Amino acid sequence: MTKQGWLALMTGALFLTSCGEDKKAETVDPLAESRARPVIQNYAALTSANYAEVVRQAHSLQEAIEAFVANPTDATMAAARAAWIEARVSYGQSEAYRFYGGPIDNEDTGPEGQINAWPLDEAYIDGVEENYDAGIINATEEYPELTQELIASLNERDGETNIASGYHAIEFLLWGQDVSETGPGNRPPTDFVSGEETTRTNADRRRQYLSLVTKQLVEDLESVEAQWKPTQGTYGQAFGAESPKAAVLKILTGLGSLSGAELAGERMTVAYDNKDQEDEHSCFSDNTHADLYNNALGIQNVYLGRYGSVSGPGLSSLVAEVNPALDQKMKERLQASLDAIRAIPVPFDQAILGADNSPGRQKVKAAIDALRAQTDTLVEVATALGITLNLE
């Protein structure tokens, strides 16, 4: 979803309900300070904890990649790939904190476009089967010196698929093109080896590019983590002090936007409709099924108020106070989405193929439907809390 999109969502009006089907809602202020403040502060705490884990895993990824570029072998490449997959776990869950102009996707300063932009035109970065001389890495005359500043300046230049940095640039360099019907890409480590053993020209620049984009990713994630720390002058501290109406609107906008337009829509329905692996999220590593699951898990985390060792009152506690049946329904929707995503056969790029009655496509469609139902229930939750949630 574009930044303009979530900005439009944030124009939703706020009001406190005075009537409803549940008589309790007539007498209970759903966002009373005494109940809402702990929820808001716990949200800020679990966000901080999630981004701290994101940065920790990004550092582990950087260490593995530096070991790989120093000595490109099957073993060091496998370790780097494993570190990338592990790093996606916490980051996927953290996407529940997006879509309302927070530190990661602030209109002017947010680095999200350098972190997780997709789909990626792999030929923009490096050679592909159709043209081994393609990409920034092989453009030695146009870009004689590779730097972080150059790569950042080229990210999303002249087209939204011209992705030069972030998780998926690293993914492409580690796995290469995915031309397999049964597994991910299979780039050999010798693409990064100079001399007689090399399988691609410009191996030295390929090593340098991989190292630079990983360094940039770590720095971008650290900048987001710093803004959510509970210290003086940070976004996280300011968020914890926002009015209940404003803060809960942001929380629900993040959950609803990720659940509906982003996850059910761009990340699943587009791939389902087009039957094209280029439209899946992690198309080089075949990690899309895990990406989807962790996104949905992040939504459940926020609703229940938990992440890792951090646990406290979530939106669930506010909803249960005014409408226990709706709270139970929301919990069941969240779990149903997770179960439906887990049921999708792997790899995702094969599950989307075939006729609509094929087992894979039926599972993908069921997950999309579950996420849409979950999104509708999030709107009901917002209404129960006296908030009008305008979602795409």
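Predicted model only: the values in this text are computed from it and were never measured. (Residues numbered from 1 in each chain as written. Predicted model: local features only at pLDDT ≥ 70, side-chain atom pairs only at ≥ 80, totals over all residues. Heavy atoms only, no water.)

1. Looking at the overall build of the protein chain
Summing up its helical and strand segments, the protein chain has 15 helices and 2 strands in all. In terms of C-alpha radius of gyration, the protein chain reaches 22 Å, essentially the compact-globule figure of 21 Å for 392 residues. For the protein chain, the C-alpha atoms occupy an extent of roughly 80 × 55 × 35 Å along the three principal directions. Relative to its 392 residues, the protein chain shows a buried fraction of 57%. Counted over contacts in the protein chain with a minimum sequence separation of 6, partners at least 24 positions apart contribute 74%. By element, 50% of the accessible surface of the protein chain is carried by carbon and sulfur atoms, the whole surface being about 15600 Å². (Helix = DSSP H or I, 4+ residues; strand = E, 2+ residues; numbered from the N terminus. Rg over C-alpha atoms; globule rule 2.2 N^0.38 Å. Buried < 20%, exposed > 50% of the residue type's maximum accessible area, 1.4 Å probe, protein only. Contact = heavy atoms within 4.5 Å. Areas by Shrake-Rupley, 256 points an atom, 1.4 Å probe, with all protein chains shown as cover.)

2. Thoughts on the nonpolar core
Counting residues in each nonpolar core, the largest one holds 91 residues, and the members touching the most others are Tyr209, Phe239 and Leu252. With 15 residues, helix H3 (residues 33-70) is the largest single contributor of residues to this core. Residue contacts for tyrosine 209: discarding those within four places in its chain leaves Ile125, Ile136, Ile137, Leu146, Ile151, Ala164 and Leu173. Formed by 20 residues, the second largest nonpolar core is a distinct cluster that contains Ala271, Leu297, Phe348 and Ala351. (Core = buried A, V, L, I, M, F, W, Y, C linked by side-chain atoms within 4.5 Å.)

3. Concerning a negative patch on the surface
Together, Glu156, Glu160, Glu266 and Glu392 give the surface a local cluster of negative charge. Relative to the helices and strands, glutamate 266 resides in helix H10 (residues 244-274). Take glutamate 266: its relative accessible area is 36%, and that puts it in the partly exposed class. (Patch = residues over 30% accessible without salt bridge, like charges linked within 9 Å, V, L, I, M, F, W, Y side chains within 5 Å. Salt bridge = Lys/Arg side-chain N within 4 Å of Asp/Glu carboxyl O. Lys, Arg positive; Asp, Glu negative; His and termini not counted. Charge placed at Lys NZ, Arg CZ, Asp CG, Glu CD.)

4. Focus on the UniProt feature "domain: Imelysin-like" (unreviewed entry) in the protein chain
Per the UniProt record, the feature "domain: Imelysin-like" (unreviewed entry) sits at residues 49-378. The span residues 49-378 carries 58% helix and 1% strand; its end-to-end C-alpha distance comes to 24 Å. (UniProt positions renumbered as here; feature names shortened; annotations may be inferred.)

5. Here we look at the side chain of serine 48
When you line up the elements, serine 48 lands in helix H3. A distance of 3.5 Å separates the side chain of serine 48 from the backbone oxygen of tryptophan 228, its partner in a polar contact. Setting aside residues up to four positions removed in sequence, serine 48 forms contacts with Trp228, Lys229 and Pro230. (Polar contact = N/O pair within 3.5 Å; in protein donor to acceptor, adjacent residues only side chain to side chain.)

6. Side note on the environment of valine 55
Topologically, valine 55 is positioned in helix H3. Sequence separation between valine 55 and glutamate 225 is 170 residues; the distance between their C-alpha atoms is 7.4 Å. Sequence-distant contacts of valine 55, that is, excluding residues within four places in its chain, are made with Leu221, Glu222 and Glu225.

7. Quick look at unusual backbone geometry
Following tryptophan 118, the chain continues into proline 119 via a peptide bond in cis, with omega recorded as -10 degrees. With an omega of 5 degrees, the peptide bond running from valine 346 to proline 347 counts as cis. Mapping proline 347 onto the fold places it in the loop between helix H13 (324-342) and helix H14 (348-351). The backbone phi angle of phenylalanine 99 is positive, close to 75 degrees, even though this residue is not glycine. Tracing the chain through its elements places phenylalanine 99 in the loop between helix H4 (74-94) and helix H5 (112-115). Judged by relative accessible area, which is 0%, phenylalanine 99 ranks as buried. Notably, glutamate 156 is not glycine yet its phi reads approximately 60 degrees, a positive angle. Here glutamate 156 is to be found in the loop between helix H6 (148-154) and helix H7 (167-175).

8. Structural notes on the packing of H3 against H4
Two elements in contact, H3 and H4, have axes separated by 8 Å at closest approach and are oriented at 165 degrees. Here H3 lies roughly antiparallel to H4, going by the angle between them. The handedness of the crossing between H3 and H4 comes out as left-handed. Counting all contacts with H3, which are made through Asn50, Tyr51, Glu53, Val54, Gln57, Ser60, Leu61, Ala64, Ile65, Ala67 and Phe68, the residues of H4 involved are Thr76, Met77, Ala79, Ala80, Ala83, Trp84, Glu86, Ala87, Ser90, Tyr91, Gln93 and Ser94. For the contact of H3 with H4, a count of residues per class yields 14 nonpolar, 7 polar and 2 charged. (Axes fitted to C-alpha atoms, helices over the stretch in contact; angles between N-to-C directions. Parallel < 35°, antiparallel > 145°, perpendicular 65-115°, else oblique. Left-handed = near helix turned anticlockwise from the far one by under 90°. Nonpolar A, V, L, I, M, F, W, Y, C, P; charged D, E, K, R; others polar.)

9. What to know about the packing of aromatic side chains
This model, assessed by the stated rule, comprises 12 aromatic pairs. Seen from their ring centres, phenylalanine 68 and phenylalanine 192 are 4.9 Å apart, and the 70 degrees between their planes marks the pair as edge-to-face. Separated by 124 residues along the polypeptide, phenylalanine 68 in helix H3 and phenylalanine 192 in the loop between H7 and helix H8 (203-227) bring together distant segments of the chain. When sorted by exposure, phenylalanine 68 lands in the same class as phenylalanine 192, which is buried. Through successive ring pairs, a cluster of aromatic residues spans Tyr43, Tyr51, Tyr97, Tyr100, Trp228, Tyr235 and Phe239. In this arrangement the basic side chain of arginine 187 is found over the ring face of phenylalanine 172, its NZ or CZ atom lying 5.1 Å from the centre. Against the face of tyrosine 272 rests arginine 361, its NZ or CZ located 3.7 Å from the ring centre. (Phe/Tyr/Trp six-rings, centres within 6.5 Å; stacked < 30°, edge-to-face > 60°. Lys NZ or Arg CZ within 6 Å of the ring centre and 35° of its normal.)

10. Section: the pattern of salt bridges
Taken as a whole, this structure holds 17 salt bridges when the rule is applied. Among the salt bridges present, the one from lysine 215 reaches glutamate 219, with a minimum N-O distance of 2.8 Å. Linking lysine 215 with glutamate 219, this pair stays in helix H8, spanning 4 residues, or about one helical turn. Owing to a relative accessible area of 36%, lysine 215 belongs among the partly exposed residues under this scheme. Relative accessible area serves as the criterion here: at 32%, glutamate 219 is assigned to the partly exposed category.

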